[in-house]
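Given next are the chains, with one letter for each unit.
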Amino acid sequence: MAAVYRTHMSIIGDILTTTRDEAPDETGASVTYLIRKANVSHGRLAKILETLVQQGLLEQNTSERACRYKISPRGREFLQAYRGFREFADSFGLRI
Amino acid sequence: MVFVSDSLLLQIALNLLGFVVGLALGIFSYIGFKNTGSPTLFRLNISFFSIGIGFGVVGFGVMIESFVLNYSQVDSWIQTLGIGIQTVGYFFIAFSHGIKSFFPKSRYFKSIIMPLFIIPGNSLEHIIRSISFILLVYGTIETIMSYMENRKRSTIFVAAGLGLLALGEFLGWYSVVFPKSILYFVSLSTKIAGLGALFIPISQVPLRGGMKLGGSV
């Protein structure tokens, strides 16, 4: 099976979806969990998470043990918009 | 009072319809780009705005020359200019497919605005139409290939839309060979029907709640 290239946008979509639907508990998902679920390297994930927190799409909970990430209400809105427009682009045979 | 023929009125009406449809698709893509920051939606936005403006240039140009300037014959450069602007739009649709298929990882290539077209002065309209036709056929084939993968009904509507736009361009080129025939209006109507088919994906996007997001990632 041919490897499918994921765009930067689709990786963000996967990260947000993971934090929304698959976070293991109320406090959110850890970096390790996100690396495994969203299938991204640590270096790349760290940069994306920083941007998403700055943009207000993710909430960062810092505890003694580790940083955990939870989707914010703004992140949920973004994810809804992203999914809608992904469908639109898919219809043109394109990827956003 | 200047006599305006029915065919001229039909030409104006169809072109203005194309202008509105193209602009509506462009605005929708722009909302998508504003919400997500996606370069693909940015290219679609440029594409549909160009197609809409291309129709608008012909529609408004013919209208102004006929009603305001009272010309008995409409200048041919208006048609050429309008079709040229539409071609830029078709180029961006084909360009997006080209990036997806051949340069999925290249960020540098994505930043290229457009290659330079070297076009001789003679037969400009023929050349522009043939470029449009090739770009649209390419876009149609790529979209059909995508349909084979995702099996989404809306994708086949888009393929049909691009195919109709290609057919419209082909008939438009033929109408240059037979200038007094009905082919021009058939060409224009086919292109409008093609643009209409591109509307199908929009109807499937839920336009509520989440579409008000301001920033992009």
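The preceding data block contains the structure.
Cut-offs used in this document
- Residues numbered from 1 in each chain as written.
- Chains lettered and ligands numbered in written order.
- Predicted model: local features only at pLDDT ≥ 70, side-chain atom pairs only at ≥ 80, totals over all residues.
- Heavy atoms only, no water.
- Helix = DSSP H or I, 4+ residues; strand = E, 2+ residues; numbered from the N terminus.
- Rg over C-alpha atoms; globule rule 2.2 N^0.38 Å.
- Buried < 20%, exposed > 50% of the residue type's maximum accessible area, 1.4 Å probe, protein only.
- Contact = heavy atoms within 4.5 Å.
- Core = buried A, V, L, I, M, F, W, Y, C linked by side-chain atoms within 4.5 Å.
- Pairing = 2+ DSSP bridges.
- Expected span 1.5 Å × (residues − 1).
- Arc of directions from axis to C-beta.

1. Digging into the overall build of chain A
For chain A, the helix and strand inventory stands at four helices and three strands. Its helices and strands in sequence order give chain A the pattern α-β-α-α-β-β-α, from N to C terminus. The C-alpha radius of gyration computed for chain A amounts to 14 Å, which stays within 12% of the reference 12 Å derived for 96 residues, consistent with globular compactness. Its C-alpha atoms put chain A at 45 × 30 × 20 Å along the principal axes. Residues classed as buried in chain A amount to 43% of the 96 residues present. Considering only contacts in chain A between residues 6 or more positions apart, those separated by 24 or more positions represent 53%.

2. Some words on the environment of Val-62 of chain B
Residue and element names in this part refer to chain B. Position of Val-62 among the secondary structure elements: in helix H2 (residues 39–68). Between the C-alpha atom of Val-62 and that of Ser-203, which follows or precedes it by 141 residues, the distance is 32 Å. If we ignore the near neighbours within four places in the chain, the residues touching Val-62 are Leu-8, Gln-11, Ile-12, Val-57, Val-74 and Ile-78.

3. Focus: the nonpolar core
Here is a general trend for soluble globular proteins: nonpolar side chains tend to be buried in one another's company. Ranked by internal contacts, the top residues of the largest apolar core, which has 61 residues, are Ile-15 and Leu-16 of chain A together with Leu-198 of chain B. Residue contacts for Ile-15 of chain A: discarding those within four places in its chain leaves Leu-34, Ala-38, Leu-45, Ile-48, Leu-49, Leu-52 and Leu-58 of chain A.

4. Remarks on the pairing of strand S3 (residues 67–71) of chain A
All names here are of chain A. Where strand S1 (residues 29–30) and S3 come together, two bridges link them in antiparallel fashion. Of the residues in S3, the one forming a bridge with Ser-30 is Arg-68. Sheet topology note: the strand S2 (residues 58–62)/S3 ladder contains five bridges and is antiparallel. Bridge pairing in S3 links Leu-58 to Ile-71.

5. Structural notes on helix H3 (residues 42–54) of chain A
Residues and elements named next belong to chain A. The terminal C-alpha atoms of H3 lie 18 Å apart, and with 13 residues this matches the ideal 18 Å at 1.5 Å per residue to within 8%. Taken as a whole, H3 has its buried residues at Leu-45, Ile-48, Leu-49 and Leu-52. One side of H3 holds all its buried residues, which, seen down the axis, span an arc of 105°. Facing away from the buried surface of H3 by more than 90 degrees, the exposed residues are Lys-47, Glu-50 and Gln-54. One or two positions beyond H3, positive phi appears at Gly-56, with a value near 80°.

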